[in-house]
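Fold and contact review
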Amino acid sequence: MTDYNFAYLDEQTKRMIRRAILKGLAIPGYQVPFASREMPMPYGWGTGGVQVSAAVLTPEDTFKVIDQGADDTTNAVSIRSFFERTAQVATTTATAEATVIQTRHRIPEAALTEGQILVYQVPIPEPLRFLEPRESETRKMHELEEYGLMHVKLYEDIARHGHIATSYAYPVKVEARYVMDPSPIPKFDNPKLGHMAAIQLFGAGREQRIYALPPYTQVVSLDFEDHPFEASKADHPCGMCGANDSYLDEVIIDDAGGRMFVCSDTDHCEARQAQGHRGKDAA
Amino acid sequence: MQADILSGGFADPAIQSAHAFRSVMEAMARPGTVHDIHGATPPAPLSPAAGAVLLTLCDTDTPVHLAGDADCDAVRSWLAFHTGAPITGPAQCMFAVGTWEALGPLAAYPVGRSDYPDRSATLIVECTELQAEGATLTGPGIKDTAALSLPEVAAFQANSALFPLGLDFIFASGSRLAALPRTTQVT
């Protein structure tokens, strides 16, 4: 499609986003405001991630999009075809072959490498937003490193449920300074955020924020000494590939309460099945 | 004269600036790594790398400070034609370009505010050579340690002590560049 500029956005917009990405990398975990544009998709469908991807893509890149780990859901398919049409990039579903991976709510199971960039779609970038609705106040809290309220929230989890019940969008502290929302990834993925070889970029379109984690950055999930952080997952093997170490989706399969657990990362699951691994529900 | 000003920009801005930005981003994300950057032939004394960074990141929204010899008619006209960036003093700039000696003192540049640490200047330092050896670097983006030929050490130590405020640096030499964000500890 030659009617559009390369990667859809105009050059001035890309320069603005690129400047925000660089400041984000220089101040890990800090949310850089940017002038988010309207994109040809609704808010909540990854407009922030799409703008970040548009600003970093080159024609030589191989692009992968996952939605909750899956390459074949509506959001992933439509964003992949959007960049096939507007940036003429090659696309793939194989994690290892991709140079830029846009993700909604998961980190791939396969360890990412130095040549890769992981772009997150973020709905609410402010980890303190549900505790304090005023932007003026949350900005002040980040400024003063005043994160006591977040610990109170986690403590109230323990008081009410006996353990920290936050299971996704679990808050992290970056380089012992900024508390950051890792986007709604399951807390199973939190340990992968720190010391990752790939560059991690976060884009929130509606909220107009970009933030970043350079490679090999220290990222610590908030916890207490007597209630340490625990990366949890459903206590089952994958029904299709038998993996014991991957994050699982629970799928209802009939009207009688039957259910199965399958890898949320479809590429990981398919690759394992191709190697001959079989779970108990595999056909 | 006029022809010099009009030439030397990106021939294919969308594609070339995408490649140039990836070099800048990789450099900023991995302090101490040296990357090639191509596409710009700015007038002297700007290096091709510094020119490409300016073309990739600057426009009418970004005040630029030209320090020392970089503040000449040829560079001013070239920058005005290709980017439209306003030329300002160091106190108002978002980007500054010049040699290390010409850029100082660093106290003149905005380091951001504690509520908006991103409102800080990025300094493009023209270097005669750029090697992955010299001062030792640690911090985000660096697996164990990295090394980079820096013009001095004390200024970068003082800058990183300001974190989360501070300046960010891009070092340009010929068609190669490296970067040093405020998070990097220099010894």
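In the block above lies the structure referred to throughout.
Time to look at the sheet that holds strand β6 (residues 146-148) of chain B. All names here are of chain B. Spatial strand order, β6-β5-β9: 3 strands in an open sheet with antiparallel pairing. Edge strands, defined here as strands with exactly one partner in the open sheet, are β6 and β9 (185-186). Across 2 bridges, strand β5 (residues 135-138) lies against β9 in antiparallel orientation. When the bridges of β9 are listed, threonine 138 appears paired with glutamine 185.

This paragraph deals with the interface of chain A and chain B. The partner chain B presents 43 residues to the 41 residues of chain A that form the contact. Counting the surface lost from both chain A and chain B, the interface buries some 3,400 Å², and carbon and sulfur atoms represent 62% of this. Taken as a group, A:Arg19, A:Leu22 and A:Lys23 account for 19% of the area that chain A buries against chain B, more than any other trio of residues on that side. At the boundary of chain A with chain B, the tally comes to 4 salt bridges.

The next thing to look at is the nonpolar core. Of all hydrophobic cores here, the largest spans 85 residues; its most connected members are A:Ile21, A:Leu25, A:Phe83, A:Leu201, B:Met25 and B:Ile124. Broken down by element, the residue count for this core peaks at 9 residues, all from helix α2 (residues 13-29) of chain B. Setting aside residues no more than four positions away along its own chain, B:Met25 makes contact with A:Ile21, A:Leu22, A:Leu25, A:Val56, A:Ile117, A:Ile199 and A:Leu201. Grouped together as the second largest cluster of nonpolar side chains are 26 residues, B:Leu106, B:Val125, B:Cys127 and B:Ala155 included.

Going from B:Ala44 to B:Pro45, the amide bond is cis rather than trans, its omega being 5 degrees. Along the chain, B:Pro45 turns up in the loop between β1 (35-36) and α3 (48-57). Going from B:Gly104 to B:Pro105, the amide bond is cis rather than trans, its omega being -5 degrees. Relative to the assigned elements, B:Pro105 resides in the loop between α5 (100-103) and β4 (122-126). Positive phi is not limited to glycine here, since A:Ala7 has a value of about 60 degrees. As for its placement among the helices and strands, A:Ala7 is situated in the segment before α1 (11-26). The phi angle at A:Ala176 is positive, at roughly 55 degrees, despite the residue not being glycine. Structurally, A:Ala176 can be placed in the loop between β6 (172-174) and β7 (178-180).

Residue and element names in this part refer to chain A. As for its placement among the helices and strands, glutamate 126 is situated in the loop between β5 (117-121) and α4 (135-143). Arginine 129 is the oppositely charged side chain nearest to the buried, salt-bridge-free glutamate 126, at an N-O distance of 4.7 Å. What glutamate 126 contacts, discounting residues up to four positions off in sequence, is Gln31, Thr138 and His142.

What follows concerns the packing of α1(A) against α2(B). Look at α1(A) against α2(B): their axes get within 10 Å of each other, and the N-to-C directions meet at 5 degrees. Taken together, the axes of α1(A) and α2(B) lie roughly parallel to each other. The residues of α2(B) that touch α1(A), namely those facing A:Glu11, A:Lys14, A:Arg18, A:Ile21, A:Leu22 and A:Leu25, are B:Pro13, B:Ala14, B:Ser17, B:Ala18, B:Phe21, B:Val24, B:Met25, B:Met28 and B:Ala29.

The rules behind each value
- Residues numbered from 1 in each chain as written.
- Chains lettered and ligands numbered in written order.
- Predicted model: local features only at pLDDT ≥ 70, side-chain atom pairs only at ≥ 80, totals over all residues.
- Heavy atoms only, no water.
- Pairing = 2+ DSSP bridges.
- Helix = DSSP H or I, 4+ residues; strand = E, 2+ residues; numbered from the N terminus.
- Contact = heavy atoms within 4.5 Å.
- Buried area = accessible area lost by both parts, 1.4 Å probe.
- Salt bridge = Lys/Arg side-chain N within 4 Å of Asp/Glu carboxyl O.
- Core = buried A, V, L, I, M, F, W, Y, C linked by side-chain atoms within 4.5 Å.
- Buried < 20%, exposed > 50% of the residue type's maximum accessible area, 1.4 Å probe, protein only.
- Lys, Arg positive; Asp, Glu negative; His and termini not counted.
- Axes fitted to C-alpha atoms, helices over the stretch in contact; angles between N-to-C directions.
- Parallel < 35°, antiparallel > 145°, perpendicular 65-115°, else oblique.

By themselves, these figures tell us nothing about what the structure is for.
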